[in-house]
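# Inside the fold
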Amino acid sequence: GHIITNDHVVQDADEIIVTFTTGTQEKAALLGRDPYSDIAVLKVNLPPETLHPVVLGNSSTLIVGEPVVAIGNPFGLSGTITAGIISQVGRDLSAPGGYRIVDVIQIDAAINPGNSGGPLLNSSGEVVGVNTAIIPTAQGLCFAISSNTAKYVIGKLILEGKVRRAFLGIAGQTVKLSARIISYNKL
C-alpha cells in the first residue's frame, strides 16, 4: 500500500485522498517526506489483491535518446500519458535551503502542472523516475527524480519517516581572478 509522489505535492496537505484508476478513493497516511529529494511516501490500507504495484527500474542504465512515457493528471485531465525521450541524465535541480537534488533525469515528454508525482516509465514498463518539474519559459525542458534516488529515499522514509543527511556548512563559489604583470629589474 505504499504510494510514491513528490514532496511538493503533499507538503501543505491536511488530508490526502488517493484516487485509483477504478475510481476508488482511499484516504492515505503520510509516512514521510523529503524536500531535499522532492519525494514523499504515502500508505493506503487496502487488501493486497486490489493493488497492482509497479516495478522500480534502474535509472543508471538510462541512455540519452531512450524512449519514455510520463503519466499524470495535467490540468486535471486524469490518466494522461505523454511520450518522449531521455534528453539527458545526471542533471541537478534546486531544493530548499540551497541544497541540490542530484542525478535528475531531463526529458522532453510533456510535463505540466498536475503531472508531479507521476511515474516516468521506460519501454519495459518500469518506473525509472518520478515526474517533478518543468522550466515554464521553455518547451520540452522537463525533469524527473531518478528511480535510484527515489529507491534510497523511499527506504529511509518507510523505516524512519525522514532522511538524515550530513551538511558541512560550506559552499563553493567560482572566483574570477585577474592577473597583473609587474616588471622589475634584477640587482
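Conventions and cut-offs
- Residues numbered from 1 in each chain as written.
- Predicted model: local features only at pLDDT ≥ 70, side-chain atom pairs only at ≥ 80, totals over all residues.
- Heavy atoms only, no water.
- Pairing = 2+ DSSP bridges.
- Helix = DSSP H or I, 4+ residues; strand = E, 2+ residues; numbered from the N terminus.
- Contact = heavy atoms within 4.5 Å.
- Polar contact = N/O pair within 3.5 Å; in protein donor to acceptor, adjacent residues only side chain to side chain.
- Axes fitted to C-alpha atoms, helices over the stretch in contact; angles between N-to-C directions.

Sheet topology note: the strand β2 (residues 16-19)/strand β3 (residues 25-34) ladder contains four bridges and is antiparallel. Within β3, the residue paired with V18 across the bridge is E26. Joining the antiparallel neighbours β2 and β3 is a turn of five residues, in which G23 adopts a positive phi near 95 degrees. Sheet topology places β3 next to strand β4 (residues 39-43); five bridges connect them, and they run antiparallel. Counterpart to R33 in the pairing with β4 is A40.

Turning to the environment of N115, a few remarks are in order. Summarising the element assignment, N115 is placed in the loop between β7 (100-107) and β8 (119-121). When the C-alpha positions of N115 and E26 are compared, they lie 20 Å apart, and in sequence the two are 89 residues distant. If we skip the residues at most four places from it in the chain, N115 touches I71, G72, N73, P74, A110 and N131.

Residue placement: E49 occurs in the loop between β4 and β5 (67-72). Here the alpha-carbon distance between E49 and A29, two residues 20 residues apart in the chain, equals 20 Å.

A few words now on the side chain of S147. Mapped onto the fold, S147 is located in helix α2 (residues 147-160). A distance of 2.7 Å separates a polar side-chain atom of S147 from the backbone oxygen of G57. If sequence neighbours within four positions are ignored, S147 has contacts with G57, N58, S59, V127, V128 and G129.

Okay, the sheet that holds strand β1 (residues 2-5) next. Sheet architecture is open: four strands sit in the order β1-β4-β3-β2, paired in antiparallel fashion. Each having just a single partner strand, β1 and β2 make up the two edges of the open sheet. For this sheet the average axis-to-axis angle between neighbouring strands, irrespective of direction, equals 40 degrees. Contacts between α2 and the sheet are confined to β1, β3 and β4, with β4 contributing the most and set at about 50 degrees to the helix.

The six strands are arranged β5-β6-β7-β10-β9-β8 in a closed barrel whose pairing can be described as antiparallel. Neighbour to neighbour, the strand axes of the sheet diverge by 50 degrees on average, direction disregarded. One ladder, built from five bridges, connects strand β9 (residues 127-134) with strand β10 (residues 142-146); its direction is antiparallel. Among the inter-strand pairings, V130 is bridged to a residue of β10, identified as I145. Packing of α2 onto the sheet brings it into contact with β7, β9 and β10, and relative to β10 it is tilted by some 45 degrees.

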